[in-house]
Amino acid sequence: MAAVALSFSLGILLAEAFREYAFGGILAAGFLLAAASGLALHRNLPGRALALGLAAVAAAGFLAAAARRDGVPRAHLRHALARGEFPLDEPSAFDACVADDGRIRGGESVHTLRLLARRRGEGWTACRGMGILRVALPGAQGEGGRTPLLARGDRVRGWGVWRRPRNFENPGSEDRVARLARRGVWIVGRTKSTRLLETEPGGCSGPVTGLAVRARTRVQNAFRPLADRGNRVEAAILASLTIGDYSGLTAPVSEAFRNSGTLHVLVVSGLHVAWIAGVLLCLARRARLPERLRYLTAGMAILAYTVIVGFQASITRCFWVFALYLLGRMLFRHADSVNLLFAAALILLAANPGWLFEIGFQLSFLSVLAIVMTASPLIEGCWNPVCAPARHAGEADRLFLRPGRWHRLGRRLRFGLELTAEAMADRVSPGAARAFQWACRRAADAVAAAGSLVLLSLAVELWIGLLLAHSYNRISWIGPLANVVMVPLSSLTLAAGLGAALAPGGPGAALVPIAGKCATLLLACARGAAAIPGAWQRCPTPPAAWVWGSIGLLFLWSFLRWRRRWVPAALVAAALLVPATASTSLVQSTLDRLRPRAALAGRGAGRDPAPVLGFTFLDVGEGDAIVIRFPDGGLWLLDAGGLVLPPAEEESGEGFDIGEAVVSRFLWHRWMLRPERVLLSHADMDHAGGIPAVLSNFAVREFGCAPAREDARILARILETAERKGIPVTRVGRGAVLDRGPVRIRVLHPGREGAPTSANDRSLVIRFAFRRFSALLTGDLEKRGEEELLAHGFRLESPLLKVAHHGSRSATSEAFLESSAPRWAVISAGSRNPFGHPSAEVSGRLRDHNVRTFVTADLGAVTFETDGVRYAISSHLRGLLERGTL
């Protein structure tokens, strides 16, 4: 079964790689391969039959993925988008069903909708597909105490402005559009008033979905008294544990569990299935139900629970594994864990091939594989033989005589305990000896359970540690130990939460405070574990080939049952240590020698490359973030902001931090881990919003900013973060000299004198000069600031200009362009931004001055590299754009 599931997955991967294909040809090839496999089997050629059969399965995987991706019915939203028939960026009417519970983010109610129809002319046209809608709520912008406007199963008609989701096009950035597409979401929209919506409560609920919605509502209402008493965090944790409702989890809560390596306890997964199934089977056994009826009852209960949770990847995987296991037991067949897992994977991927690329799906299956293929053999072959004899110390009828090193060690341990008990009986009393043996048995039980949990957690960390580092740039070292406490405690919290939700009347109400206390303790343990120095760390992004090569090595070694299992474990652990130690001088100096050099004009393959000064203007939407790489390898960052994307596009619902998800991801992807200086041009959110995350994630040596009002909220957050991290803060202004090696750096603006001006006109203006090259970075400087700058008579002439204020017409005047005389200009602006940046006036002035302009909204991240004589300009989306000699 493993080979079949892996072959099917290979077909899905091939479909992702090849966008042009002949569907009929591959279908015919699959049938021919299947027929050839049957013929080979008939001729008693099992090896050939297996190879041909797996090739046919791979063809089936290719066809399944291609059909789901490219097989678009005429009534589907994608078909209308492709033909330009669906109105974007303008109000349009829609008819839809609400597909989730919704959440409150930033004073808006955010919901996933399953579209049914759209208004076209005077009538309605069928339109199937998913979209995410934000509805502006009246009143304050806070989230506390507010409930989403719509409920799962409601039908809603109204008006909204829709657009396609967009990626941040930088190296290392997540493909957010593909992630949303795998969820079936193709558009995101906003309705500016609740009066533009007409809602029919429960209008889309069928008999089954209606029951599921009522069950979820019952559970949510059961925990509402906690929220009403101010314990919203505890209520959110209980909702997450019991029904997979993660909308109420705040970013700090998720961060605490993530840093402690225990976020999995909040996800509805195998722990829940095992706990519920165990309770039901125990009750059924006490009721003396027939074995098959017991299994059938437990299976139906797990199916009902899966429907209530909403068929999330983790619970769906557990349901199919458990269903296949029960089916095997009902047919009196032995159930192999690995085969069950891969059979469940095959069923899920056949239903939705896109799940193969979902990080939740990957982590879910790899965690179970780690338990089945690595932890279980270790526990059964090594740990249990050591602990089992001690668990029966003093019981003469329980003997352990199996051969093997670990069994001998267990017998010696039991022998020592029994000798100690005999000596105690002689010197103290037989009762004391019996009490000692009883204590030893209980202690051995506890040690066996704790050790098993540690081994389980270590095995899972070994298998998924690199994948977590690749996806989340985080390594939790405390996780294996924290899980020893957190897993039993989360089971207790789950039991109390389900009891509070299911028990009627008084008993249920009495259990709510107990469940709340358990949730409080669970959160306290997560925060305590995460607060231990060195418990976790951020890390650079390991290459995907490195990650999947390590996982493949572990799987192959375990699947083939090769000896010396410590060999792949040691290799993978060493691979995990590389990103963990990447910030050290040794690793960074090695990386500097291995980094690819700029494709400068006239550079020969055999020539010793000259040191390069590089500027990367990141695509952060409507904002600025510039990464500056010096010839000696030094790293600066100027600004780290961008107007926040609508939180509707975040599946977790925790909001969106440009500094974390875009700027830090770029630095981690490039393994740039030690910024010497972070500069802030001015304290506007579109420039400063991501700096707190950057200061928190990296070992920044110094933070610098222009003189600014201390009451700027974002600046206060930045200064607080810098103080917490022990980062020195300097104020830089006109006349400051920041030379770095051969690069001359002058701060030209602002000064401390003069009348108060706007925040934009107090932007830092910095000029970099390196041999024949110079660059002028202007922040959001507007015309008044330009006039002041020109009045001081500074030399502004620079081949490279960062256009001020995202190309706004309030900046980049004729006089300023005459003085700076740029050859190239970079505009950092968001796609379809509401401000019309870059403005037609500024674009026209740049054209009139024969300036070649690069806009991040069109090209993604733009990089300019030069050795002071030659240069190369490239973008993330289009590669090399220009190169030559200055």
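What you see is a predicted model, and the numbers here were worked out from it, not measured in a lab. Positions within a chain are numbered from 1, following the residues in the order the chain's sequence is written. Since the coordinates come from a predicted model, pLDDT governs what is reported: local features require at least 70, and pairs of side-chain atoms require 80 or more to be given and counted, while whole-chain, interface and lining totals use all residues. Only hydrogens and water are set aside; all other atoms, that is, all heavy atoms of the structure, feed into the side-chain values.

Some remarks on helix 10 (residues 270-286)
Stage number 1. Segments assigned H or I by DSSP are reported as helices when at least four residues long, segments assigned E as strands when at least two residues long, and all are numbered from the N terminus. Expected span of a helix, by definition, is 1.5 Å for each gap between consecutive residues, and there is one gap fewer than residues. Over its 17 residues, helix 10 runs 24 Å from end to end, which matches the ideal 24 Å to within 8%, given 1.5 Å per residue.
Stage number 2. Accessible area is worked out with a 1.4 Å probe on protein chains only. A residue is then buried under 20% of its type maximum, exposed over 50%, and partly exposed in between. Along helix 10, the positions that sit buried rather than exposed are His272, Val273, Ile276, Ala277, Leu281 and Ala284. Taken end-on, helix 10 shows its buried residues confined to a sector of 145°, consistent with a single buried face. Projecting away from the buried face of helix 10 at angles above 90 degrees are the exposed residues Ala274, Leu283 and Arg286.
Stage number 3. Residue Arg288 follows helix 10 closely and has a positive phi angle near 60°. As used here, the arc belongs to the directions running from the helix axis to the C-beta atoms.

As for the sheet that holds strand 17 (residues 765-770)
Stage number 1. Two strands qualify as a pair provided that DSSP identifies no fewer than 2 bridges between them. One open sheet accounts for 6 strands, arranged 16-17-18-19-20-21; its pairing is mixed. Only two strands of the sheet have a single neighbouring strand rather than two, namely strand 16 (744-749) and strand 21 (852-855). Geometrically, the sheet is characterised by an average inter-axis angle of 15° between neighbouring strands, direction not taken into account. Axis geometry follows a simple rule: fit a line to the C-alpha atoms, using only the stretch in contact for helices, then measure angles between N-to-C directions, giving values from 0 to 180 degrees.

With respect to the pattern of salt bridges
Stage number 1. The salt bridge definition used is simple: a Lys or Arg side-chain nitrogen within 4 Å of an Asp or Glu carboxyl oxygen. This structure, assessed with the given rule, holds 30 salt bridges.
Stage number 2. With a shortest N-O distance of 3.1 Å, Asp445 and Arg442 are connected by a salt bridge. With Asp445 and Arg442 both in helix 16 (residues 430-472) and 3 residues apart, this pair spans about one turn of that helix.
Stage number 3. In this structure Asp445 comes out as partly exposed when scored by relative accessible area, which is 23%.
Stage number 4. Each member of the salt-bridge network shares a partner with another, and the members are Arg83, Glu85 and Arg118.

Quick word on the pairing of strand 11 (residues 626-629)
Stage number 1. Of the two faces of strand 11, the one carrying Ile626 and Ile628 and the one carrying Val627 and Arg629 are both buried.
Stage number 2. Note: strand 10 (residues 613-617) against strand 11, 4 bridges, orientation antiparallel. Along strand 11, the bridge assignment pairs Phe615 with Ile628.
Stage number 3. Count of turn residues in the strand 11/strand 12 (residues 635-638) antiparallel hairpin: 5 residues, of which Gly633 carries a positive phi of about 95°.

A closer look at the packing of helix 17 (residues 479-502) against helix 18 (residues 505-531)
Stage number 1. Axis separation between helix 17 and helix 18 bottoms out at 8 Å; the angle between their running directions is 160°. Considering their axes alone, helix 17 and helix 18 lie roughly antiparallel with respect to each other. In terms of crossing hand, the pair formed by helix 17 and helix 18 is left-handed. Facing helix 17, whose interface residues are Ala482, Val485, Met486, Leu489, Ser490, Leu492, Thr493, Ala496, Gly497, Gly499 and Ala500, helix 18 presents Gly508, Leu511, Val512, Ala515, Cys518, Ala519, Leu521, Leu522, Cys525, Ala526 and Ala529. Geometric relationships in this document are graded by angle, where less than 35 degrees denotes roughly parallel, more than 145 denotes roughly antiparallel, 65 to 115 denotes roughly perpendicular, and other angles denote oblique. Less than a right angle of anticlockwise turn of the near helix away from the far helix marks a crossing as left-handed, whereas a clockwise turn marks it as right-handed. Contacts were defined at the residue level, with two residues in contact if any of their heavy atoms lie within 4.5 Å.

Section: helix 6 (residues 207-222)
Stage number 1. Here helix 6 contains 16 residues, and its C-alpha end-to-end distance of 23 Å stays within 8% of the 22 Å for a straight helix at 1.5 Å per residue.
Stage number 2. Along helix 6, the residues that are buried comprise Gly210, Ala212, Val213, Arg216, Val219 and Ala222.
Stage number 3. Structurally, helix 6 contributes buried residues whose contacts are with helix 7 (224-228), helix 8 (232-243), helix 11 (291-309), helix 17 and helix 18.

What about the packing of aromatic side chains?
Stage number 1. The aromatic pairing rule takes the rings of Phe, Tyr and Trp, using the six-membered ring of Trp, and pairs them if the centres are within 6.5 Å, calling planes under 30 degrees apart stacked, those over 60 edge-to-face and the rest tilted. This structure, assessed with the given rule, holds 18 aromatic pairs.
Stage number 2. With a centroid separation of 5.4 Å and 20° between ring planes, the pair formed by Phe555 and Phe559 is classed as stacked. Within this pair, Phe555 and its partner Phe559 are both found in helix 19 (residues 544-559), separated by 4 residues, close to a single helical turn.
Stage number 3. Judged by its relative accessible area of 14%, Phe555 is buried.
Stage number 4. Given a relative accessible area of 42%, Phe559 falls into the partly exposed group.
Stage number 5. Ring-pair connections join several aromatic residues into one group, and the members of that group are Phe615, Phe630, Trp636, Phe768, Phe773, Trp824, Phe864 and Tyr871.
Stage number 6. One Lys or Arg, Arg157, reaches over the ring of Trp124 and ends 4.6 Å from the middle of that ring.
Stage number 7. The ring of Phe630 has Arg740 lying over it, and the distance from NZ or CZ to the ring centre is 5.6 Å. By the criterion adopted, a ring carries a charge over it if an Arg CZ or a Lys NZ lies within 6 Å of its centre and within 35 degrees of its normal.

Quick word on unusual backbone geometry
Residues other than glycine predominantly adopt negative phi, and peptide bonds predominantly adopt the trans conformation.
Stage number 1. For the bond running from His749 to Pro750, omega is 5°, close enough to zero to count as cis.
Stage number 2. Position of Pro750 among the secondary structure elements: in the loop between strand 16 and strand 17.
Stage number 3. Positive phi values are uncommon outside glycine, yet Arg561 reaches one of about 55°.
Stage number 4. Structurally, the position occupied by Arg561 is in the loop between helix 19 and helix 20 (566-580).
Stage number 5. Positive phi values are uncommon outside glycine, yet Thr812 reaches one of about 60°.
Stage number 6. Take Thr812: it is sitting in the loop between strand 19 (800-802) and helix 27 (814-820).

Some remarks on the state of the cysteines
Stage number 1. Here, a disulfide means two cysteine sulfur atoms that sit within 2.5 Å of each other. On inspection of all chains with the given rule, the structure shows 1 disulfide.
Stage number 2. Here Cys97 pairs with Cys204 through a disulfide, and the sulfurs are 1.9 Å apart. The sign of the -75° torsion about the S-S bond sets the Cys97-Cys204 disulfide as left-handed. Taken together, the residues span a long stretch of sequence, with Cys97 in strand 1 (residues 91-98) and Cys204 in the loop between strand 7 (197-200) and helix 6 at a distance of 107 residues.

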